[in-house]
Amino acid sequence: MTPTMDQMRAHRSIRKFTDRTVGDKTVQAIVSAAQGAATSHFVQAYTVIQVKNREKRTAIAQLSGPQAWVEQAPVFLVFCADLSRLETACDMQASAMEKGWAEQFVTATVDVALLAQNVLLAAESLGMGGVFIGGIRNDPQTVCDLLAIPDQAYPVFGMCLGWPAHDPPPKPRLPVEAVLFTDRYPETHDRQMLSDYDRIINHYYLHRNSNLRDETWTRQMADFMGRIIRPHMKAFLEKKGFFLK
């Protein structure tokens, strides 16, 4: 293990922050470092919007859950998968951009996810903490309206950042043997391994320092995958110019 690997394994979501501010130069340095993330074909298909306006923060906090930490965090960022800049690049070269292909959507979404993970890791390396906010996809059109996000771009998730005011334990992940294989996909998933993991997660939920609950991973996943979540996303993405072909 290295200090970097220890930092990665120590990740936990932080939703309570101190009043200590985070300066613009710090935010810029974090995002600049995060830009070292891999990017498909060098497209860098992402845009990050720091939301400072209190009314916009309140609106996003409400539509996201509500999630009060969106309002309370010193920094709130919205990460957009963005092909709009690439359309400008094509125009500068007097070239027509192909639009609406599924591969473009995948490329942009992966690009911004890689950037965002680097942003959080960079912030954590400074002693900060944060949490991803997928809840902005509850009403992505309103987020676009609030932040003037154009077609060929869409908000993928938000992120709260700041100095931690609590210290929750890391949530145990699946054992590496459940996700890492050699040469081929496994014929079956190891049910005993998942049962063992259920016991680990159940112990975690019953003994953590807040929001105690009697829950297992497979039960949680069965509940999650048994529901239709955000059925509006397909129509929204098509309206924004994605996923047409």
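Residues numbered from 1 in each chain as written. Predicted model: local features only at pLDDT ≥ 70, side-chain atom pairs only at ≥ 80, totals over all residues. Heavy atoms only, no water.

### Some points on the pairing of strand β4 (residues 153-162)
Moving residue by residue along a regular strand, the side chains alternate between the two faces of the sheet. The following threshold applies: The rule is simple: take the accessible area with a 1.4 Å probe, protein chains only, and divide by the maximum for that residue type; under 20% is buried, over 50% is exposed, in between is partly exposed. Helix numbering and strand numbering both begin at the N terminus, where a helix is a DSSP run of H or I of at least 4 residues and a strand a DSSP run of E of at least 2. For two strands to be treated as a pair, DSSP must find no fewer than two bridges joining them.
In terms of residue burial, β4 counts as a mostly covered element, since 10 of its 10 residues are buried. With 8 bridges joining them, strand β2 (residues 75-82) and β4 adopt antiparallel strand pairing. Residue pairing in the sheet places F79 in a bridge with F157 of β4.

### Structural notes on the pattern of salt bridges
The condition that has to hold: Salt bridge, as applied in this entry: a Lys or Arg side-chain nitrogen positioned within 4 Å of an Asp or Glu carboxyl oxygen.
Tallied over the full model, the rule gives 7 salt bridges. Two residues, R12 and D167, come together in a salt bridge whose shortest N-O distance is 2.4 Å. Of this pair, R12 sits in the loop between α1 (3-9) and α2 (24-34) while D167 sits in the loop between β4 and α8 (191-207), placing them 155 residues apart in sequence. Taking relative accessible area as the criterion, D167 reaches 56% and is therefore assigned exposed. In this structure, D151 engages K240 in a salt bridge whose closest nitrogen and oxygen atoms are separated by 3.9 Å. Separated by 89 residues along the polypeptide, D151 in the loop between α7 (140-147) and β4 and K240 in the segment after α10 (233-239) bring together distant segments of the chain. Judged by relative accessible area, which is 48%, D151 ranks as partly exposed.

Nothing here speaks to function; it is geometry throughout.
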